[in-house]
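# Fold and contact review
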Number of protein chains: 2
Amino acid sequence: MARECKQKRPIPRRLKGFRDITSETVRARDTMIATIRGVYERYGYTALETPALEYVDVLGKFLPESEAPSGGIFALRDEDDEWIALRYDLTAPLSRFVAMNFQELPTPYRRYQVGPVYRLEKPGPGRFREFYQFDFDSVGTGSMLADAEVCMIMCDTLEALGVNRGDYIVKVNDRKVLNGVLEKVTAGGKLSSDISLQVLRTIDKLDRLGREGVEQLLGEGRLDESGAYVEGVGLQPEQISRVMAYLEIKADTRQTTCDRLSELVEGSKIGMEGVDELRQIDEALTAGGYGEDRVEIDPTVARGLDYYTGPVFEGVLTFDIVDDKGVTRQFGSVFGGGRYDDLVQRFTGQKVPATGASIGVDRLLSALLTLGKIDVDSTTAKVLVTRLDKKLTAEYQKIAGQLRDAGINTELYVGTQGIGKQFKYASDTGRIVAVVMGSDEMEKGEVSIKDLKLGEELSEEIGPDRKAWLKQQPAQFSVPRSDIVKAVQEVLARHA
Amino acid sequence: MARECKQKRPIPRRLKGFRDITSETVRARDTMIATIRGVYERYGYTALETPALEYVDVLGKFLPESEAPSGGIFALRDEDDEWIALRYDLTAPLSRFVAMNFQELPTPYRRYQVGPVYRLEKPGPGRFREFYQFDFDSVGTGSMLADAEVCMIMCDTLEALGVNRGDYIVKVNDRKVLNGVLEKVTAGGKLSSDISLQVLRTIDKLDRLGREGVEQLLGEGRLDESGAYVEGVGLQPEQISRVMAYLEIKADTRQTTCDRLSELVEGSKIGMEGVDELRQIDEALTAGGYGEDRVEIDPTVARGLDYYTGPVFEGVLTFDIVDDKGVTRQFGSVFGGGRYDDLVQRFTGQKVPATGASIGVDRLLSALLTLGKIDVDSTTAKVLVTRLDKKLTAEYQKIAGQLRDAGINTELYVGTQGIGKQFKYASDTGRIVAVVMGSDEMEKGEVSIKDLKLGEELSEEIGPDRKAWLKQQPAQFSVPRSDIVKAVQEVLARHA
């Protein structure tokens, strides 16, 4: 019987690729999100929140020619036997929302949305199946001014978060230019859209695979690190060398890069349109004071998503980190986006141009933590009122209430352990002050204030000046109960 | 061909029971959540965020004697063919988290968590399948001080949100008292736990069904409003009358109610334990200054969840509203909770007492909106810089940048329409100021400031004083470009 009970006990386990996020990270992320929201609102974007679940056909995630949802999403059947799934990004739900409400929405409709998205992909270090995105989009305008604004907001956001100019770069390219290049590569012919997308995705791997790797993948294929053979796109050698030449076209200025791109795609209508878009973005950026040190045109940026139709953007952190394998490299991409003029049209048939970008919240947070740009304090109440003598609980409650009324976050110990364990609890949870009062003190109308941080510091190795200072500070002292607020504030100020 | 394309177009639709939440509600909710978080942190609770998805056995939601998940949750099979589901509350995930990390966590572990939960229940007006909860819990202490603190935090939270004392009441009861009553009802015998739970759930319906309805449901059953027959619990008439007598036992003070309960359950060990717990809570509340006007002991509170083991809590808003059917009634419950000493034990076998409560965020928000206690402005940027002459866009960008640098949220019109549509856009999106500049003005170094709100007000019926004031204010005026920040600030201040 006992054994059977035991077998029935569930194992406390979490899903693969998911996280429990504890206090300091939740608080740091909240702070970061508030700053980002401030920038988006500075430009006039307003909030929207769509559900976590959507119909699979709304997400556009049915397998081709099939009734089954594609891999990569968490899908289930609802009570009417229809396929529904957790959103894998915030753009597909936005398009659905706009399509449903197009008549009532202002044009352009400019919204931001922050929240978790879900991907049923192989988890790995830093790759989770539930992660936060923070998007902003302008829907209903084809003006390149909107695309330029996306770049400006990327810059402003990173700087508002404390990333120094020079430690990031926003890269812009245009899918139409890429299509123009592909047209030229095939000498006026056309690659199938499937092959085109494969070329784009291969280009996107330049950072990771290097020139040689990309060359191999554009052709026959290559052996990857694990020794597995990855099949290539199958372009001809001459086609490959044209693509590779394109990838090296970037010049020192946006304008020169545009000039070179213009030469390269001359004769391709779509290619020239793309260059013209990039020129308009350059112009608006220059007018806004966003120079080459902040935004560059980079022909190697492709962005893997198939729905982009024009400009694409990427915000990259350029400072070095040492990765899991001990290799020093750039921190990399934290922001991505582009223009997607066809996503609403999917539903309505009506052309609704749109552009925007998405922050990878978790990656950006990890960057800010690396840079020391964000507070990581997990403790909300720096003061613990202990319960030395449980019979005096009513008095301890009054003390805690008095401190809270003075605006000091204060925890009253509500556990059942003795005073020694209470001090350990205080120190384990990062408190600065412990308030202690025995029945003797109570009769004298006094309380003891214990400076927990000072105690710790006194036992650590520190410079002589600080040490001398510390010695003059009493680590524990008594004050009249009427002075408790002032006394606690003074100790907190010591360590502020 | 055209027709086939049309058929393939997905319909833009949202799942039944789910919502798109637009700007003013998102912003109001964010404000409310920040205030609530402030109160929880005032008492020393820290943040936690668990995933939206959990294993079904972790949630405890398998059907009895079955491998299939029970109804009421959104469940699917993962790639290993295990059942996983969206969380239906934040308590089950907390228990899983504590069970996984018990050795490392401080005791008591006190955390708050806010986020959406998911229930596959019949949607209705105000009943959604995705809704927010905001929980706080103390895990690892059996002290009634922790339960009393839950009540105090409920009061503090409602008052911090602007709910007046007298417009709410926190109700406390104890499951052990209820069990004692059931023991007495059966004259020392025992009801099956299934029948006991049915009695509790029936008691919980007192507000909705009234005395007579509850009496019928405790017995044979009753016809509900739709004419359907609902089977009853099947108690004997004498048992029913004892339960009904219990439901009327509440006195004017917590102490007298405890005395009466004590008489009623005398001889039942569990019942007397429950009364003792209520007395301890009363004592702590009194010491903390939380009188009968804020927290009462109410024997009719049962709370439907089966995992509560001791004190149960309910925060009720007592002001009147007119409901969907035109009936005036109390707003009702917005907060609920209780002690659940067995939830972690489910996993570990080790007893880990715990208590806490949960705010129904959406219901509370709706109450605050009804009371006018929260700002419902959906507009983030009060200023729109129009583009009268698109050739001057670089100048418009500079003006927008100047205003933003001065800390004024400002949207630059990035659409493609003419100036008339731009003014309509400004008014549709709730702007106060439109900035306009033509080429003539530009040459003179001037810009026009249009006070959109003033224009609207002038055309409305208003008191003579306000009207006289309005007439002295220019609804549109020119200023030198160097004065633009000051001029815009002045117009914004008119309407602050």
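None of the values given here were measured: they were computed from a predicted structure.

### Quick notes on the interface of chain A and chain B
At the junction of the two partners, chain A supplies 94 residues and chain B supplies 95 residues. Of all residues in chain A, Arg-13, Glu-49 and Val-414 of chain A bury the most surface against chain B, accounting for 10% of the area lost on that side. If you look at where chain A meets chain B, you find 21 salt bridges. The partner of Arg-129 of chain B in a salt bridge is Glu-79 of chain A, with the nearest N and O atoms 2.7 Å apart. Seen at the junction of chain A and chain B, the total is 37 residue pairs in polar contact (both at pLDDT 80 or more). Per-element accounting of the side of chain A that touches chain B gives the leading share, 8 residues, to helix α2 (residues 23-42) of chain A. Per-class residue counts for the side of chain A that touches chain B are 42 nonpolar, 23 polar and 29 charged. Bridge count between strand β2 (residues 46-49) of chain A and strand β1 (residues 21-22) of chain B: 2 bridges; the pairing is antiparallel. Paired with Glu-49 of chain A across the strands is Ile-21 of chain B, a residue of β1 of chain B.

### A look at the domain arrangement of chain A
According to the domain assignment, chain A consists of domain 1 (23-52 + 87-371) and domain 2 (383-494). Measuring from the centre of the C-alpha atoms in domain 1 of chain A to the corresponding centre in domain 2 of chain A gives 52 Å.

### Focus on the pairing of strand β17 (residues 433-436) of chain A
All names here are of chain A. Residues Val-433 and Val-435 line one face of β17 and the alternating positions Ala-434 and Val-436 line the opposite face, and both faces are buried. The sheet contact formed by strand β15 (residues 383-385) and β17 spans 3 bridges and is parallel. Its bridge partner lying in β17, Val-383 is registered against Val-433. Pairing geometry for β17 and strand β18 (residues 446-451), over 4 bridges, is antiparallel. Within β18, the residue paired with Ala-434 across the bridge is Lys-450.

### Some points on the state of the cysteines
In total, this model carries 0 disulfides over all chains according to the counting rule given. Cys-155 of chain B forms no disulfide, and the closest cysteine sulfur to it belongs to Cys-151 of chain B, at a distance of 7.1 Å.

### Some thoughts on the sheet that holds strand β19 (residues 476-480) of chain A
All names here are of chain A. As summarised here, the arrangement of the 5 strands in space is β16-β15-β17-β18-β19, forming an open sheet in which the pairing is mixed. Strand pairing shows two members of the sheet lacking a second neighbour, β16 (410-412) and β19, which therefore form its edges. Strand-to-strand, the axes of this sheet are offset by a mean angle of 25 degrees, without reference to chain direction. The pairing of β15 with β16 spans 3 bridges and is classified as parallel. Bridge assignment links Val-383 to a residue of β16, and that residue is Thr-410. Strand contacts of helix α19 (residues 484-494): β15, β17, β18 and β19, with the helix running at about 5 degrees to β18, the strand carrying the most contacts.

### Side note on the pattern of salt bridges
Enumeration over the complete set of coordinates arrives at 80 salt bridges over all chains. Of the charged contacts in the structure, one is a salt bridge between Glu-121 of chain A and Arg-127 of chain A, with a shortest N-O distance of 3.4 Å.

### Some remarks on the relation of the copies chain A and chain B
For the match of chain A to chain B, the screw axis carries a shift of 0.0 Å, the RMSD comes to 0.1 Å, and the turn is 180 degrees. A rotation of that kind, with that shift, is consistent with a two-fold axis. Closest approach to the rotation axis among the C-alpha atoms of chain A is made by Leu-76 of chain A, whose C-alpha sits 2.8 Å away. Mapped onto chain B, 100% of the interface residues of chain A are again interface residues, and the two copies thus contact each other with one and the same surface.

### Some details on the nonpolar core
Generally speaking, a soluble globular protein has its nonpolar side chains buried in company with each other. By size, the foremost hydrophobic cluster in this structure holds 103 residues, and its most contacted members are Leu-403, Val-435 and Val-488 of chain A together with Tyr-40 and Leu-317 of chain B. The element that contributes the greatest number of residues to this core is helix α5 (residues 144-160) of chain B, accounting for 11 residues. With 102 residues, the next largest nonpolar core counts Ile-33, Ala-146, Ile-153 and Cys-258 of chain A among its residues.

### Let's talk about helix α4 (residues 91-101) of chain B
With 9 of 11 residues buried, α4 of chain B is to be regarded as a mostly interior element. Inspection of α4 of chain B places Thr-91, Ala-92, Pro-93, Leu-94, Ser-95, Arg-96, Phe-97, Val-98 and Ala-99 of chain B among the buried residues, and these make up the whole buried set.

### Observations concerning the sheet that holds strand β3 (residues 53-55) of chain B
All names here are of chain B. A sheet is described by the order of its strands in space; here 3 strands give the open sequence β3-β5-β4, paired in antiparallel fashion. Single-partner strands in this sheet number two, and they are β3 and β4 (75-77). Neighbour to neighbour, the strand axes of the sheet diverge by 35 degrees on average, direction disregarded. Across 3 bridges, the pairing between β4 and strand β5 (residues 83-86) is antiparallel. Pairing of Ala-75 across the sheet is with Ala-85, part of β5.

### Considering the packing of helix α10 (residues 254-265) of chain A against helix α11 (residues 269-287) of chain A
Residues and elements named next belong to chain A. Contact pair α10 / α11: the axes reach a minimum separation of 9 Å and the direction vectors enclose 170 degrees. Of the possible angle classes, the one that applies to α10 and α11 is roughly antiparallel. Of the residues in α11, those in contact with Arg-254, Gln-255, Cys-258, Asp-259, Leu-261, Ser-262 and Val-265 of α10 are Gly-271, Met-272, Val-275, Leu-278, Arg-279, Asp-282, Leu-285 and Thr-286. Of the residues that constitute the contact of α10 with α11, the class distribution is 7 nonpolar, 4 polar and 4 charged.

### What about the packing of helix α8 (residues 206-218) of chain A against helix α9 (residues 237-247) of chain A?
Working note: a packed helix pair is described by the angle between its axes plus the distance between those axes. Residues and elements named next belong to chain A. Running from N to C, α8 and α9 cross one another at 160 degrees; their axes reach a closest spacing of 9 Å. Taken together, the axis directions place α8 and α9 in an arrangement best described as roughly antiparallel. Judged by the twist between their axes, the crossing of α8 over α9 is left-handed. Between α8, through Leu-206, Arg-211, Val-214, Glu-215 and Leu-218, and α9, the contact on the second element is made entirely by Ile-240, Val-243, Met-244 and Leu-247. Classifying every residue of the contact of α8 with α9 by side-chain character gives 7 nonpolar, no polar and 2 charged.

Scoring rules and cut-offs
- Residues numbered from 1 in each chain as written.
- Chains lettered and ligands numbered in written order.
- Predicted model: local features only at pLDDT ≥ 70, side-chain atom pairs only at ≥ 80, totals over all residues.
- Heavy atoms only, no water.
- Contact = heavy atoms within 4.5 Å.
- Buried area = accessible area lost by both parts, 1.4 Å probe.
- Salt bridge = Lys/Arg side-chain N within 4 Å of Asp/Glu carboxyl O.
- Polar contact = N/O pair within 3.5 Å; in protein donor to acceptor, adjacent residues only side chain to side chain.
- Helix = DSSP H or I, 4+ residues; strand = E, 2+ residues; numbered from the N terminus.
- Nonpolar A, V, L, I, M, F, W, Y, C, P; charged D, E, K, R; others polar.
- Pairing = 2+ DSSP bridges.
- Domains from an automatic or database assignment.
- Buried < 20%, exposed > 50% of the residue type's maximum accessible area, 1.4 Å probe, protein only.
- Disulfide = S-S within 2.5 Å.
- Axes fitted to C-alpha atoms, helices over the stretch in contact; angles between N-to-C directions.
- Least-squares fit on C-alpha atoms with pLDDT ≥ 70 in both.
- Core = buried A, V, L, I, M, F, W, Y, C linked by side-chain atoms within 4.5 Å.
- Parallel < 35°, antiparallel > 145°, perpendicular 65-115°, else oblique.
- Left-handed = near helix turned anticlockwise from the far one by under 90°.

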